[in-house]
Amino acid sequence: MGIRNLRTMGDECLRKKCKEIKIISPRIRLLAEDMLDTMYAANGVGLAAPQVGILKRMVVIDVDGEHPYVLINPEILEMSGEQTGYEGCLSVPGKSGIVTRPNYAKVRATGLDGKEFILEGEELLARAICHECDHLDGIIYVDKVEGDLIDNEELERMEMEEE
Ligand code: ZN
């Protein structure tokens with residue numbers, strides 16, 4: 001297990017444009033493993049390399065705890081539809097905010113095996129793809145949030161009242 005330190009809002013790493021990965025070296029493989037470990041340890045569904053201080057174009061996503069994806073140099077090819085809902089980020093701990101995203105996203109990336117692949121997703125997966133790819137260009141969801149951020153505890157209370 002390699003848990004890396006999570007960078008939080010205010011850290012300049014989160015505002016940089018990340019560099020393309022040209023060679024999938026052992027260091028890149030280790031980074032991918034550590035990013036997955038770090039994401040799971042923090043109960044996240046996605047993590048981008050700049051969130052652990054590495055300015056390279058790689059993200060990891062696992063929205064159901066069963067399908068981990070490592071996306072190297074991801075490039076969004078298609079987006080459609082719309083979804084509006086609460087979103088959070090491991091770099092903005094304890095908070096959530098409403099963000100409108102496409103309901104469908106299609107992304108092309110390179111895997112750890114060096115082969116290109118296409119990942120398509122709807123709903124939470126589409127949201128995660130867009131959110132994580134934004135990180136590689138220094139964009140954080142708070143830039144897109146509608147209204148104020150709220151504490152996750154308050155969000156849980158609101159959700160319980162709705163049930
Ligand atoms: Zn994030």
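All figures in this text were calculated on a predicted structure; none of them were measured in a lab.

S.K.: In this structure, what is going on with the nonpolar core? I would like to understand it.
M.R.: Within soluble globular proteins, side chains that are nonpolar tend to cluster in buried spots. Core analysis: the largest hydrophobic core is formed by 16 residues, its most contacted members being V59, I61, L71, V107, L119 and I129. Secondary structure elements with two or more residues in this core: β2 (58-61), β6 (104-110) and α2 (123-135). With six residues, α2 is the largest single contributor of residues to this core. Once residues within four sequence positions are removed from consideration, I61 is found in contact with M39, V45, G46, H67, P68, Y69, L71, L125, A128, I129 and E132. Core analysis: the second largest hydrophobic core is formed by 15 residues, I28, L36, V70 and I72 among them.

S.K.: Just to check I follow, could you spell out the pairing of β2 for this structure?
M.R.: Looking along a regular strand, one sees the side chains alternate between the two faces of the sheet. With burial as the criterion, each face of β2 is covered, one bearing M58 and V60 and the other bearing V59 and I61. Relative to β2, strand β1 (residues 46-48) runs antiparallel, the two being bridged by three bridges. Directly across from A48, in β2, lies its bridge partner V59. Summarising the sheet, β2 and strand β3 (residues 69-80) pair through four bridges and their orientation is antiparallel. Residue V60 lies in a different strand from β3, and its bridge partner there is V70.

S.K.: Any chance you could explain the sheet that holds β6 here in plain terms?
M.R.: Sheet strands line up and pair through hydrogen bonds in the backbone, either parallel or antiparallel. In spatial order, the strands read β1-β2-β3-β6-β7; together these five strands make up an open sheet with antiparallel pairing. For this open sheet the edge positions go to β1 and β7 (116-122), each flanked by a neighbour on one side alone. When strand polarity is set aside, the average angle formed by the axes of neighbouring strands in this sheet is 35°. Its contacts with the sheet place helix α1 (residues 26-41) against β1, β2 and β3, and it is angled at close to 40° to β2. Packing of α2 onto the sheet brings it into contact with β1, β2, β3, β6 and β7, and relative to β7 it is tilted by some 125°.

The rules behind each value
Residues numbered from 1 in each chain as written. Predicted model: local features only at pLDDT ≥ 70, side-chain atom pairs only at ≥ 80, totals over all residues. Heavy atoms only, no water. Core = buried A, V, L, I, M, F, W, Y, C linked by side-chain atoms within 4.5 Å. Buried < 20%, exposed > 50% of the residue type's maximum accessible area, 1.4 Å probe, protein only. Helix = DSSP H or I, 4+ residues; strand = E, 2+ residues; numbered from the N terminus. Contact = heavy atoms within 4.5 Å. Pairing = 2+ DSSP bridges. Axes fitted to C-alpha atoms, helices over the stretch in contact; angles between N-to-C directions.

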